[in-house]
Amino acid sequence: MRIDEGLQRLVQGAARVAVLTGAGVSAESGVPTFREARSGFWERFDPEELATPEAFARNPRKVWAWYTQRREQARRAEPSPAHRALAQWEQLLEWCCVVTQNVDGLHQRAGSSHVIELHGNIHRDRRFEADTAPAEDLDGLPRCPETGALLRPDVVWFGERLPEGALEAAKEAMRSADLVLSVGTSALVQPAASLPLEALERDIPVVEINREPTPLTPVADWVLQGEAGEILPQLVTAAGSGAKRAG
Ligand code: BJW
C-alpha cells in the first residue's frame, strides 16, 4: 500500500482527527468480527437469539453463556498494531477522538485517552429492565448485590438506544474534526454508519481503511484497501513528519 502525496499532505495538515472504528480493528487482536464470511459471529450465531433484549428475556442463560465466553476472549486479547497506531497518533495531534463500535476496551488499553463507546463495554454489567420478567429459571445468573436485580452485559443490542450522550458526543467529534477516518467497519449498522456520511456532507475529508469495499467506499475521499494493522502505522508515520503538535 502506497500513501500518495495528496493523502500525505492531508494527514500532515490535520490537527483534529476523529476515527470511527469497528470490529476489523480488533480482528488482528484475535477478536472475531460480526459479518465476515467464514469467521464472523453472525455466520455461526443468530443475532436474533443473542443480541436483542427479547432474546435475553427469552433465554438469559444462553445469552450470558455467549457473553461470558466473549468477555474472557476480550480480556485475553492484546491491542493490535492498529489500536497502538491510533494511540500514537493522538500524541502527535492537537486532538484525536476514537469513536468505536467495539465493546472490548482495546483502544483504551492501547493508550487512546479520548474514546467514545457507541455500543457499550462488554466488561461491564447493568440492570436488565423489561416490562415482563424473563420466563426461565434464573438461578445462578449475575444479580445486583444490592437490589438482587437481574444483570445483563452493558452493550447495545439491536433495537436499543445508544448510551446516553454517546451519539451526540460522536456527532460533535465528527463535526469538530478536520479529518475523519472510518476503519475496519462494514458501515452497515446505524446510527454509527451515518457518522462519516455526515462528515462528508460538511466537506470534512473522509478516509476509509478496510479489507473489503463497504457502502462508504464509493463516497469516501480516500480508500485504503488492506489490513488496518499495516495501513494505520504507515499513515501515522506519514503524519508524524508534519503534524501540528499539542501545546
Ligand atoms: C478489516 C480487518 C482488518 C476485518 N483490517 N479491515 C434498516 C435500516 C437502517 C437501520 C435499521 C434497519 N433495520 C434495523 C435498523 C437499526 C439497527 C441496524 O442498523 N441494523 C442494520 C444491521 C440494518 N440498529 C440498531 O438497532 C441500533 N439502535 C438503534 O437504531 O436504535 C434506535 C432507537 C431509537 C429510540 C429507541 C430505541 C431504539 C443499535 C445497533 C446495535 C449493534 N449491536 C452490535 C452488538 C454489540 C454488542 C456485542 O458486541 O455483542 O454491535 S451488532 C454488531 O454490529 C456490533 C458492532 O459494533 C456492529 C457493527 O459491526 P462492525 O464493527 O462494522 O463489524 P462487521 O463485522 O460488520 O465488519 C467488520 C469489517 O472489518 C468488515 O468490513 C471487514 O472487511 C473489516 N475487516 N478485518 C481492516 N484486519
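Quick look at the structure, then. (Residues numbered from 1 in each chain as written. Predicted model: local features only at pLDDT ≥ 70, side-chain atom pairs only at ≥ 80, totals over all residues. Heavy atoms only, no water.)

Concerning the overall build of the protein chain
Where we set the bar: Helix numbers and strand numbers start at the N terminus; a helix is a DSSP run of H or I with at least 4 residues, a strand a run of E with at least 2. With C-alpha atoms as the basis for the radius of gyration, the globule rule is written as 2.2 Å multiplied by the number of residues raised to the power 0.38. Only protein chains enter the area calculation, which uses a 1.4 Å probe; residues under 20% of their type maximum are buried, those over 50% are exposed, and those in between are partly exposed. Only the protein chains shown count as cover for residues, with accessible areas throughout obtained via the Shrake-Rupley method and a probe of 1.4 Å. A residue counts as positive if it is Lys or Arg and as negative if it is Asp or Glu; His and the chain ends are not included. Charge positions are represented by NZ for Lys, CZ for Arg, CG for Asp and CD for Glu.
Summing up its helical and strand segments, the protein chain has eleven helices and eight strands in all. Computed over the C-alpha atoms, the radius of gyration of the protein chain is 19 Å, within 12% of the 18 Å expected from 2.2 N^0.38 for a compact globule of 247 residues. Across its three principal axes, the protein chain shows a C-alpha extent of roughly 60 × 40 × 35 Å. A burial count over the protein chain gives 53% of its 247 residues as buried. Accessible area for the protein chain stands at about 11900 Å²; split by element, carbon and sulfur atoms hold 48% of it. Side-chain charges of the protein chain comprise 27 positive and 36 negative groups, with the mean position of each set lying 3 Å from the other.

Examining the site of the ligand
To be explicit about the condition: Near, as used in this document, describes a residue that has one of its heavy atoms within 4 Å of the molecule or strand being considered. Side-chain atoms alone can form a polar contact between residues adjacent in sequence; in general such a contact is a pair of N or O atoms within 3.5 Å, and within protein one must be able to donate a hydrogen while the other accepts it. A cavity here means a set of 1 Å grid points, computed over protein atoms only, where a 1.4 Å probe fits but cannot escape. A pocket is an open set with protein on both sides within 12 Å along at least 5 of 7 lines, and lining residues have an atom within 4 Å of a point. Molecule-in-pocket calls rest on the fraction of atoms, with more than half required to lie within 2 Å of the cavity or pocket grid points.
Around the ligand, the structure places 33 residues, and the nearest of them are Tyr67, Arg70, Ser186, Gln190 and Asn210. One nitrogen or oxygen atom from the side chain of Glu28 is found 2.7 Å from a nitrogen atom belonging to the ligand. At 2.8 Å, a backbone N or O of Glu160 approaches a nitrogen atom of the ligand. Within the complex, the protein chains bury 76% of what would otherwise be the 1600 Å² of accessible surface of the ligand. Counting atoms within 2 Å of the grid points, the majority share of the ligand lands in the largest pocket.

Thoughts on the sheet that holds strand E2 (residues 95-100)
For clarity, the threshold we go by: Here the rule is simple: two strands pair whenever DSSP picks up at least two bridges between them. As a rule, the C-alpha atoms of each element are fitted with a line to give its axis, helices using only the stretch in contact, and angles between N-to-C directions run from 0 to 180 degrees. We call two residues in contact whenever any of their non-hydrogen atoms come within 4.5 Å of each other.
Within the open sheet, the six strands sit side by side as E3-E2-E1-E6-E7-E8. Their pairing is parallel. Each edge of the open sheet is held by one strand with a lone partner, namely strand E3 (115-117) and strand E8 (222-225). Direction aside, the axes of adjacent strands within the sheet are offset by 15° on average. As defined by bridge partners, strand E1 (residues 16-21) adjoins E2 across six bridges and the pair is classed as parallel. Of the residues in E2, the one forming a bridge with Arg16 is Trp95. Against the sheet, helix H1 (residues 5-13) contacts strand E6 (179-183), strand E7 (206-210) and E8, and its axis sits at roughly 105° relative to E8.

A few points about the side chain of Gln101
Checked against the element boundaries, Gln101 lands in the loop between E2 and helix H8 (106-110). The buried category is assigned to Gln101, whose relative accessible area is 13%. Filtering out sequence-adjacent residues up to four positions away, Gln101 remains in contact with Leu20, Thr21, Gly22, Leu118, His119, Thr185, Val189 and Ala192.

Quick word on the nonpolar core
Rule in force here: As used here, the term nonpolar core means buried Ala, Val, Leu, Ile, Met, Phe, Trp, Tyr and Cys residues forming a set that is joined through side-chain atoms within 4.5 Å.
Ranked by internal contacts, the top residues of the largest apolar core, which has 30 residues, are Trp89, Leu179, Leu181, Ile209, Leu232 and Leu235. Of all elements in the fold, only H1, E1, helix H7 (81-92), E2, E6, E7 and helix H11 (228-240) reach the threshold of two or more residues within this core. For this core, the element with the highest residue contribution is H11, accounting for seven residues. Not counting the four nearest positions on each side in its chain, Leu232 is found in contact with Ala82, Ala85, Leu86, Leu181, Val183 and Ile209. In terms of nonpolar packing, the next biggest core, distinct from the first, is built from 24 residues, Val99, Ala166, Ala173 and Met174 among them.

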